[in-house]
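So you can see what is in the structure, the chains are spelled out below.
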Amino acid sequence: MRTRALGPRGAEIEVSALGLGTLSMSGGYGVEDPATCEATVRRALDLGVTFIDTADFYAGGEGERQLGRALGTRRDEAVICVKTGIRPNPEGGMMLDGSPEYLRSTCDSSLRRLGTDHIDLYCLGWVDPQVPVEESVGALAELVTAGKVRGLMLSEVSPATLRRAHAVHPIAAVATEYSLWQRHVEGEILAAQRQLGVPLIAYSPLGRGFFTGTVRSLDEVDEGDWRHNFPRFAPGNIERNLVLLKRLEAVAERLGVPMSRLAIAWVLAQGEDIVALAGTKFPGHLEDNAAAVSLELGPAELAELSECFPASEVAGARYAPQIEELLDV
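Because the structure is a prediction, the values reported are computed rather than measured. (Residues numbered from 1 in each chain as written. Predicted model: local features only at pLDDT ≥ 70, side-chain atom pairs only at ≥ 80, totals over all residues. Heavy atoms only, no water.)

A. Spatial organisation of the overall build of the protein chain. Each helix and strand in the protein chain was counted, giving 11 helices and 12 strands. A compact globule built from 329 residues should have a C-alpha radius of gyration of about 20 Å, and the protein chain, at 19 Å, falls within 12% of that. In terms of principal-axis extent, the alpha carbons of the protein chain reach across some 55 × 45 × 40 Å. Looking at the protein chain as a whole, 57% of its 329 residues qualify as buried. By element, 51% of the accessible surface of the protein chain is carried by carbon and sulfur atoms, the whole surface being about 13500 Å². With 31 positive and 46 negative side-chain charges, the protein chain shows a separation of 2 Å between the mean positions of the two kinds. (Helix = DSSP H or I, 4+ residues; strand = E, 2+ residues; numbered from the N terminus. Rg over C-alpha atoms; globule rule 2.2 N^0.38 Å. Buried < 20%, exposed > 50% of the residue type's maximum accessible area, 1.4 Å probe, protein only. Areas by Shrake-Rupley, 256 points an atom, 1.4 Å probe, with all protein chains shown as cover. Lys, Arg positive; Asp, Glu negative; His and termini not counted. Charge placed at Lys NZ, Arg CZ, Asp CG, Glu CD.)

B. Focus on the packing of aromatic side chains. For the structure shown, the criterion picks out 11 aromatic pairs. Both rings, one in F211 and one in F309, keep their centres 5.1 Å apart while their planes meet at 55°; by these two values the pair is tilted. Taken together, the residues F211 in the loop between β11 (200-203) and α7 (238-255) and F309 in the loop between α10 (299-306) and α11 (321-324) connect sequence positions 98 residues apart. Exposure remark for F211: the relative accessible area of 0% places this residue in the buried category. Ring geometry for F230 and Y319: centres 5.7 Å apart, planes at 45°, overall tilted. Residue F230 is located in the loop between β11 and α7, and its partner Y319 is located in the loop between α10 and α11; the two are separated by 89 residues in the primary sequence. One exposure class covers both F230 and Y319, and it is buried. Three or more aromatic residues joined by ring pairs form one cluster here, namely W181, F210, F211, F233 and F309. Directly above the aromatic system of Y102 lies the positively charged group of R87, at a separation of 5.8 Å from the ring centroid. In this arrangement the basic side chain of R208 is found over the ring face of F230, its NZ or CZ atom lying 4.0 Å from the centre. (Phe/Tyr/Trp six-rings, centres within 6.5 Å; stacked < 30°, edge-to-face > 60°. Lys NZ or Arg CZ within 6 Å of the ring centre and 35° of its normal.)

C. Region of interest: the pairing of β11. By the alternation rule, side chains of β11 split into L200 and A202 and I201 and Y203, which are all buried. The sheet contact formed by strand β10 (residues 171-177) and β11 spans 4 bridges and is parallel. What sits directly across from T176, in β11, is A202. (Pairing = 2+ DSSP bridges.)

D. Layout of the pattern of salt bridges. The full count for this structure, using the stated rule, is 27 salt bridges. A salt bridge links R104 to E142; the shortest N-O distance between them is 2.9 Å. Remark: E142 occurs in helix α4 (residues 133-145) and R104 occurs in helix α3 (residues 100-114); sequence separation between them is 38 residues. On the basis of relative accessible area, R104 is assigned to the partly exposed category, the value being 33%. Residue classification places E142 among the partly exposed positions, given a relative accessible area of 40%. (Salt bridge = Lys/Arg side-chain N within 4 Å of Asp/Glu carboxyl O.)

E. Region of the structure containing unusual backbone geometry. Here the phi dihedral of A59 falls at roughly 55°; this positive angle occurs in a residue that is not glycine. Inspection of the secondary structure puts A59 in the loop between β4 (51-55) and α2 (62-71). When its relative accessible area of 46% is taken as the criterion, A59 is described as partly exposed. Unusually for a residue other than glycine, S204 sits at a positive phi of about 55°. When you line up the elements, S204 lands in the loop between β11 and α7.

F. Structural context of the side chain of R75. One can find R75 in the loop between α2 and β5 (79-84). For R75, the side chain forms a polar contact with the main-chain oxygen of A78, separated by 3.0 Å. There is a polar contact of 3.0 Å between the side chain of R75 and the backbone oxygen of H118. In this view, R75 contacts I80, T116, H118 and D120; residues no more than four positions away in its chain are not counted. (Polar contact = N/O pair within 3.5 Å; in protein donor to acceptor, adjacent residues only side chain to side chain. Contact = heavy atoms within 4.5 Å.)

G. How the structure looks around the pairing of β5. Counting buried positions along β5 gives 6 out of 6 residues, so the element sits mostly inside the fold. With 5 bridges joining them, β4 and β5 adopt parallel strand pairing. The partner of I52 across the bridge, within β5, is I80. Note: β5 against strand β8 (residues 119-124), 4 bridges, orientation parallel. Paired with C81 across the two strands is L121, which belongs to β8.

H. Highlighting the nonpolar core. Counting residues in each nonpolar core, the largest one holds 108 residues, and the members touching the most others are F51, L248 and F309. Counting residues per element, this core draws most heavily on helix α8 (residues 259-268), which supplies 8 residues. Discounting chain neighbours no more than four positions away, the residues touching L248 are L180, F211, M259, L262, L305, C308 and F309. (Core = buried A, V, L, I, M, F, W, Y, C linked by side-chain atoms within 4.5 Å.)

Put into structure tokens, the structure is as follows:
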């Protein structure tokens with residue numbers, strides 16, 4: 001397993017080039033089996049996949065408890081990333097909360113649920129527009145000083161916000177969606193991160209499972225599956241996107257490689273400062289994802305893959321309007 005270094009020189013945190021996302025283990029992508037999910041976490045460690053991502057708002061904290069149980073005595077083999085700053089809204093749904101008071105209190109709760117004395121990477125899930133990012137990062141920096149957190153991350157931030165945050169405390173990495181069909185980071189966002197020496201955690205490199213070729217209609221996923229809320233899977237859009245998928249299928253067939261493996265390998269090939277964060281709840285899927293790390297693609301193959309999903313042809317926004325308006329980018 002190849003590795004990446006996150007954080008400032010002298011305080012780097014080494015992580016695997018492939019990360020394991022755990023949203024699907026908390027019901028985000030349909031019904032889950034706890035025993036299988038925990039086996040997937042342990043299989044990740046066996047394969048050298050050390051970067052494991054969770055959030056304090058996954059299943060009301062149960063996601064952290066499950067991860068803690070799965071790691072057990074192997075806690076020190078993992079680099080745990082916890083997203084925070086999103087909590088239940090008293091009026092229904094979820095809301096952003098980047099207030100220093102909330103960030104301090106929720107850290108202690110996460111430590112208890114995980115059964116650990118520190119969080120390796122603490123990530124401000126999305127920036128709260130009601131709280132200056134300097135205040136949120138300042139509170140998170142206090143947790144680093146206290147020894148509760150090793151490094152800080154941000155998610156879905158603009159170059160300007162990143163620079164403001166980085167001036168308060170070094171940001172170890174920024175998590176942003178990046179895949180064959182979502183390329184908005186290319187250009188100003190990734191350029192700003194590289195100027196500051198901040199690596200990219202590329203989440204959803206498999207297009208929320210679309211590049212596995214297993215979802216041809218929302219009728220094929222569970223009723224509670226989050227993909228019912230993503231426009232690209234909606235009727236009218238998914239049919240158009242499946243036409244584009246045929247291009248990826250053709251490349252995969254010619255090379256004799258699963259589409260999912262090609263999609264992850266393409267993301268990793270975009271830079272040594274990129275970690276591909278792919279979620280799964282099955283050991284077999286994890287093994288296939290891990291194989292992508294050692295897949296070498298030539299310039300012609302990478303260029304061909306890049307052309308499979310032109311931005312002008314991808315149907316549907318990546319998030320519903322009420323979610324997109326919360327993004328800082």
